[in-house]
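Remarks on the overall topology
Single-letter residue listing:
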Amino acid sequence: PEPIVPKNSYDNLLNTCRTAHGSKQDLENAVFNAVSKLQSPNRECLSLLIHFLREVAQFENYNKMTPVNLATCFAPSLLRAPDDVRPEQ
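Note that the coordinates shown come from a computational prediction; the quantities given were computed from them, not determined experimentally. (Residues numbered from 1 in each chain as written. Predicted model: local features only at pLDDT ≥ 70, side-chain atom pairs only at ≥ 80, totals over all residues. Heavy atoms only, no water.)

**Considering the overall build of the protein chain**
Using the following cut-off: Per the convention used, a helix needs a DSSP run of H or I reaching at least four residues, while a strand needs a run of E reaching at least two, with both numbered from the N terminus. Every residue pair with non-hydrogen atoms within 4.5 Å of one another is taken to be in contact. With residues, only the protein chains shown are counted as cover, and all accessible areas are computed by Shrake-Rupley using a 1.4 Å probe.
When helices and strands are counted, the protein chain shows five helices and zero strands. Listing each helix as α and each strand as β along the protein chain from the N terminus yields α-α-α-α-α. Excluding contacts between residues fewer than 6 apart, the proportion of contacts in the protein chain whose partners are at least 24 apart in sequence is 56%. Split by element, the accessible area of the protein chain, about 6,700 Å² in all, is 57% carbon and sulfur.

Structure (structure tokens):
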């Protein structure tokens, strides 16, 4: 199955995150713009999931699910490198 962020959007989103930004707000705006280019069902699913995961992370003292732990669990379902990308890249 295709991840929520399709393989054809992988490079765009990764480059957006890797590019230096002047502030956290600039990074958030750039990621928002990259995500807004996803097809509607993918974008809506990602939005709902991010809101849910944000809520889960707010209770990390109780559930031990920090943002890093959540990223470890959910990243493979959200963003998967195309087959031609080596793991060390």
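After that view, the rundown keeps rolling.
**Things to note about unusual backbone geometry**
For clarity, the cut-off: A 1.4 Å probe rolled over the protein chains alone gives each residue an accessible area, and that area as a share of the maximum for its type sets the label: buried under 20%, exposed over 50%, partly exposed in between.
Phi at Lys 64 takes a positive value of approximately 65°, unusual for a residue other than glycine. Classification of Lys 64 by relative accessible area gives exposed; the value is 57%.

**Digging into the packing of helix α1 (residues 10-18) against helix α2 (residues 24-35)**
The condition that has to hold: The axes are straight lines fitted to the C-alpha atoms, using for helices just the contacting stretch, and the angles between their N-to-C directions are given from 0 to 180°. Just so you know how the angles are binned, under 35 degrees is roughly parallel, over 145 roughly antiparallel, 65 to 115 roughly perpendicular, and the rest oblique. Think of it as three bins: nonpolar holds Ala, Val, Leu, Ile, Met, Phe, Trp, Tyr, Cys and Pro, charged holds Asp, Glu, Lys and Arg, and polar takes everything else, Gly as well.
Axis separation between α1 and α2 bottoms out at 9 Å; the angle between their running directions is 175°. What the angle tells us is that α1 and α2 run roughly antiparallel. Contacts between α1 and α2 pair Asn 12, Leu 13, Thr 16 and Cys 17 from the former with Leu 27, Ala 30, Val 31, Ala 34 and Val 35 from the latter. Residue classes in the contact of α1 with α2 are distributed as seven nonpolar, two polar and no charged.

**As for the packing of helix α3 (residues 40-57) against helix α5 (residues 67-78)**
What counts is decided by this rule: Handedness of a helix crossing follows the sense of rotation of the near helix relative to the far helix, less than a right angle counterclockwise being left-handed and clockwise being right-handed.
Relative orientation of the contacting elements α3 and α5 amounts to 160°, with a least axis distance of 10 Å. By the criterion of interaxial angle, the relationship of α3 to α5 is roughly antiparallel. Crossing geometry of α3 relative to α5 is assigned as right-handed. Every residue of α5 that contacts α3 at Leu 46, Leu 49, Leu 53, Val 56 and Ala 57 is listed here: Pro 67, Leu 70, Phe 74 and Leu 78. Taken together, the residues of the contact of α3 with α5 sort by class into nine nonpolar, no polar and no charged.

**Quick notes on the confidence of the model for the protein chain**
Selection criterion: Confidence of the predictor in every single residue is expressed as pLDDT, which spans 0 to 100.
Chain-level pLDDT for the protein chain is 90 on average; 97% of the residues reach the 70-or-more range. Across the protein chain, element-level confidence peaks in helix α4 (residues 60-63) with a mean pLDDT of 96 and bottoms out in α1 with 88.

**Observations regarding the state of the cysteines**
Selection rule: A pair of sulfur atoms, both from cysteines and within 2.5 Å, is called a disulfide here.
Under the defined criterion, the tally for this structure stands at zero disulfides. For Cys 17, which is in no disulfide, the shortest distance to another cysteine sulfur is to Cys 45 and amounts to 18 Å. Looking at the unpaired Cys 73, the closest cysteine sulfur is the one in Cys 45, lying at 17 Å.

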